Amino acid sequence: MFRTSLPIAAPRFRDRAQALERLARLVADLAEGSPRWLAILGQRKIGKTSLLLEAARTLGRKDLRFVAFDVFDAMPPSLELFRRLAAHVLDAALAEEAGTSFTLLVDRPEEHRAALVATERFLRMPPALRSTLLELPTRRADEHLVRATLALPEQLGQALGLRFVVAIDEFQELATLGATARGAPDPLPLMRSIWQRHQRVAYVVSGSSRTMLTELVTSERSPFFQHFDLLELGPFDERDAVALLVEEAPRDRPIPAAIATRAYAILGGNPFYLQLLGETLTALDPPYDEGALKEALQSLLFSRSGRLSLYFAAEHQRIVGRSAGIAAVLDALAHGPRRPSEVGAVVRASSGATVRYLERLADTVQKLGDGTYAIDDRAFAAWLRWRAPGGSVVPMKLVGDEAEQRVAEHLAALGFELVYQSRGSRGAFDLLAVRGPRQLGIQVKRSALPLRFPRAAWDRMSADADRWGWSWCLAAVEPAGGVALLDPTRAYKRKEVRIGDTARIDNVLAWLDAR
């Protein structure tokens, strides 16, 4: 069963053996009293949370607790997030005995204190630690709170005989605290100075702003310089991407490996995209062939209301903001790798401005070995091409056959928006071309004129067009590559239907308006 709203856990977890091995070494070092820090880099929705949850499942022991905290859960960033982080640590240590969640009670002081004093282990803690925990919901959000909460995992570990792996996602957002909160301390030097004294806690940080996070943990100007090992978490390779689609499909709705391979070629190996496609594809009636894949991709990616399309729209807004220059650079790179000078020529920007745009897009584009820049997410690049003027041809270029691509290019040049239709609604037609309120069903043939059809196939096209209220025509892609659009009312009908050059539509827009 495909899951798009929850992290993936065993037995569905896959393709992260090396990453899990890195976390296993971190846990082993922690058990030996040599805690290490690890920074996990990866784009949004790449599986960082699933990796940490799987590590907690497979590596956790009675005396080892995993704490997962997402800074985005405490936005906008403020010193309050340290209170929330401390509540997550307290959950890992005492929630099982207390029978409640301290992350829920941190805003309810009386219930928080009652839950604490009801646990036997709390009563055995040193008085100073008990006082810190009791005051957690009401203490003022200042530097003293930050220091107290950062020290909490090590203190709990010593008092309870535990070790902790504390994982903080979207860690780079903490870098803004010292600059945005008036009078607030810069938390990063505090974190470094307190964490480096801990013997019972290992720290894992991650984030989707890869450039910013990398700078934060590797720059000589950063308080964390040389404190973190790096782990890059990338998309699935083809084998595991195909396995995800094939093995997660419901038993009564199997996805063939060939279709899964085609899907990988179009979307890449991002597990979130693959889960979305699998969910969309298996919502259709089987069997799943090229036609079904076309429909699923049309619904998911090449539709204004598609789930992946909406996700990319939100990502585009986050990346671009109000910068028309950055948007133009993205559109230029969507068509393939380019050198900075080529990008500048396309967007009509100076070399300096172009370089600054590319630097700001560092989490979205990558510099290749030949000096060119490219968008590193093929699905996002396809979405950018599709939403651009004339982009209606993109779906056919990705999943259509050669003849359909030729017809799509021909009609896109005339201002049509082309979409694939489901087999159930499309019936006999290969394409539906939309221009304003006009809908045109198209049967595509790669053949020289005249075209020949069995009478039953012809009658089916006519009936489907009447049923759906479409105009319809034939499109012949001739051996030389030219496209001829043919008016079905000019066909010669007997037991076999023939239609030739005399049915050619010279001006399809006028012809469609007349109908």
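As shown above, the structure is provided for reference.
What counts, and where the lines are drawn
- Residues numbered from 1 in each chain as written.
- Predicted model: local features only at pLDDT ≥ 70, side-chain atom pairs only at ≥ 80, totals over all residues.
- Heavy atoms only, no water.
- Helix = DSSP H or I, 4+ residues; strand = E, 2+ residues; numbered from the N terminus.
- Buried < 20%, exposed > 50% of the residue type's maximum accessible area, 1.4 Å probe, protein only.
- Contact = heavy atoms within 4.5 Å.
- Salt bridge = Lys/Arg side-chain N within 4 Å of Asp/Glu carboxyl O.
- Phe/Tyr/Trp six-rings, centres within 6.5 Å; stacked < 30°, edge-to-face > 60°.
- Lys NZ or Arg CZ within 6 Å of the ring centre and 35° of its normal.
- Pairing = 2+ DSSP bridges.
- Axes fitted to C-alpha atoms, helices over the stretch in contact; angles between N-to-C directions.
- Left-handed = near helix turned anticlockwise from the far one by under 90°.
- Nonpolar A, V, L, I, M, F, W, Y, C, P; charged D, E, K, R; others polar.
- Lys, Arg positive; Asp, Glu negative; His and termini not counted.

## Examining the overall build of the protein
Okay, so step 1: Along the protein, the regular secondary structure elements total 25 helices and 15 strands.
Okay, so step 2: Along the first, second and third principal axes, the C-alpha atoms of the protein reach 100 × 55 × 40 Å.
Okay, so step 3: Put simply, the protein has 515 residues, and 51% of those count as buried.
Okay, so step 4: Taking contacts inside the protein between residues at least 6 apart in sequence as the whole, the part at least 24 apart equals 66%.

## What to know about the pattern of salt bridges
Okay, so step 1: Overall, the coordinates contain 29 salt bridges when judged by the stated rule.
Okay, so step 2: Note that Arg 36 and Asp 229 form a salt bridge whose closest N and O atoms lie 2.8 Å from each other. Of this pair, Arg 36 sits in the loop between α1 (17–31) and β1 (37–41) while Asp 229 sits in strand β5 (residues 228–232), and the two are 193 residues apart along the sequence.
Okay, so step 3: Owing to a relative accessible area of 29%, Asp 229 belongs among the partly exposed residues under this scheme.
Okay, so step 4: With a closest N to O distance of 2.7 Å, Asp 501 and Arg 504 form a salt bridge.

## Some remarks on the packing of aromatic side chains
A ring pair, where both rings are aromatic, is described by two values, the distance of the centres and the angle of the planes.
Okay, so step 1: Tallied over the entire structure, the rule returns 23 aromatic pairs.
Okay, so step 2: One aromatic cluster in this structure is built from Trp 37, Phe 171, Trp 195, Tyr 203, Phe 224 and Phe 228.
Okay, so step 3: The ring of Phe 272 has Lys 45 sitting right over it, with the charged end atom 4.8 Å from the ring centre.
Okay, so step 4: Of note, Arg 378 hangs over the ring of Tyr 264, and the distance from its end group to the ring centre comes to 5.1 Å.

## With respect to the sheet that holds strand β12 (residues 471–477)
Okay, so step 1: Taking strand neighbours across the sheet as the criterion, the 5 strands line up as β8-β9-β10-β12-β13 in an open arrangement whose pairing is mixed. Looking at strand neighbours, the two that pair on one side only are β8 (417–419) and β13 (483–486), the edges of this open sheet. Across the sheet, the mean angle separating the axes of adjacent strands is 30° when strand polarity is ignored.
Okay, so step 2: In this structure, β8 lies alongside strand β9 (residues 431–435), joined through 3 bridges in antiparallel fashion. Bridge pairing in β9 links Glu 417 to Val 434.

## Some details on the sheet that holds strand β14 (residues 492–493)
Okay, so step 1: Taken together, 3 strands build an open sheet; the order of strands is β11-β15-β14 and the sheet is antiparallel. Sheet topology places β11 (451–454) and β14 at the edges, where each strand pairs with a single neighbour.
Okay, so step 2: Across the sheet, helix α24 (residues 455–468) is in contact with β11, β14 and β15 (496–499); its angle to β11 comes to roughly 90°.

## Examining the pairing of strand β10 (residues 438–446)
Okay, so step 1: With 5 bridges joining them, β9 and β10 adopt antiparallel strand pairing. Within β10, the residue paired with Arg 435 across the bridge is Arg 438.
Okay, so step 2: Hairpin connection, β9 to β10: the antiparallel pair is bridged by 2 residues, and Gly 436 has positive phi, about 65°.
Okay, so step 3: Where β10 and β12 come together, 7 bridges link them in parallel fashion. Bridging from a neighbouring strand, Ile 442 pairs with Cys 473 of β12.

## Structural notes on the environment of Gly 161
Okay, so step 1: Summarising the element assignment, Gly 161 is placed in the loop between α8 (143–160) and β3 (163–169).
Okay, so step 2: The exposure class of Gly 161 is partly exposed, given its relative accessible area of 40%.
Okay, so step 3: In this structure, Gly 161 is in contact with Asp 63, Leu 156 and Arg 200, ignoring residues within four places of it in sequence.

## Some words on the packing of α8 against helix α10 (residues 187–195)
Okay, so step 1: α10 packs onto α8 with a crossing angle of 35° between their chain directions and a minimal axis gap of 10 Å. Crossing of α8 against α10: the hand is right-handed. Contacts between α8 and α10 pair Glu 143, Val 146, Arg 147, Leu 150 and Ala 151 from the former with Leu 190, Met 191, Ile 194 and Trp 195 from the latter.
Okay, so step 2: Classifying every residue of the contact of α8 with α10 gives 7 nonpolar, no polar and 2 charged.

## So, the side chain of Asp 169
Okay, so step 1: Of note, Asp 169 is situated in strand β3.
Okay, so step 2: Notably, Asp 169 is buried but unbridged: the nearest opposite-charge side chain belongs to Lys 48, and the N-O separation is 4.7 Å.
Okay, so step 3: Not counting chain neighbours up to four residues away, the residues in contact with Asp 169 comprise Lys 48, Thr 49, Phe 69, Asp 70, Val 71, Ser 206 and Gly 207.

## Points about unusual backbone geometry
Okay, so step 1: Note that the residue after Pro 286, namely Pro 287, is joined by a cis bond; omega there is 5°.
Okay, so step 2: Within the element layout of this structure, Pro 287 appears in the loop between α14 (271–282) and α15 (290–300).
Okay, so step 3: Omega for the peptide link from Leu 449 to Pro 450 comes to 0°, which places this bond in the cis form.
Okay, so step 4: Tracing the chain through its elements places Pro 450 in the loop between β10 and β11.
Okay, so step 5: If you check the backbone angles, Arg 348 has positive phi at about 60° while not being a glycine.
Okay, so step 6: Along the chain, the position of Arg 348 falls in the loop between α18 (340–347) and α19 (351–360).
Okay, so step 7: Among the residues examined, Arg 348 registers a relative accessible area of 79% and is labelled exposed.

By themselves these figures say nothing about function.
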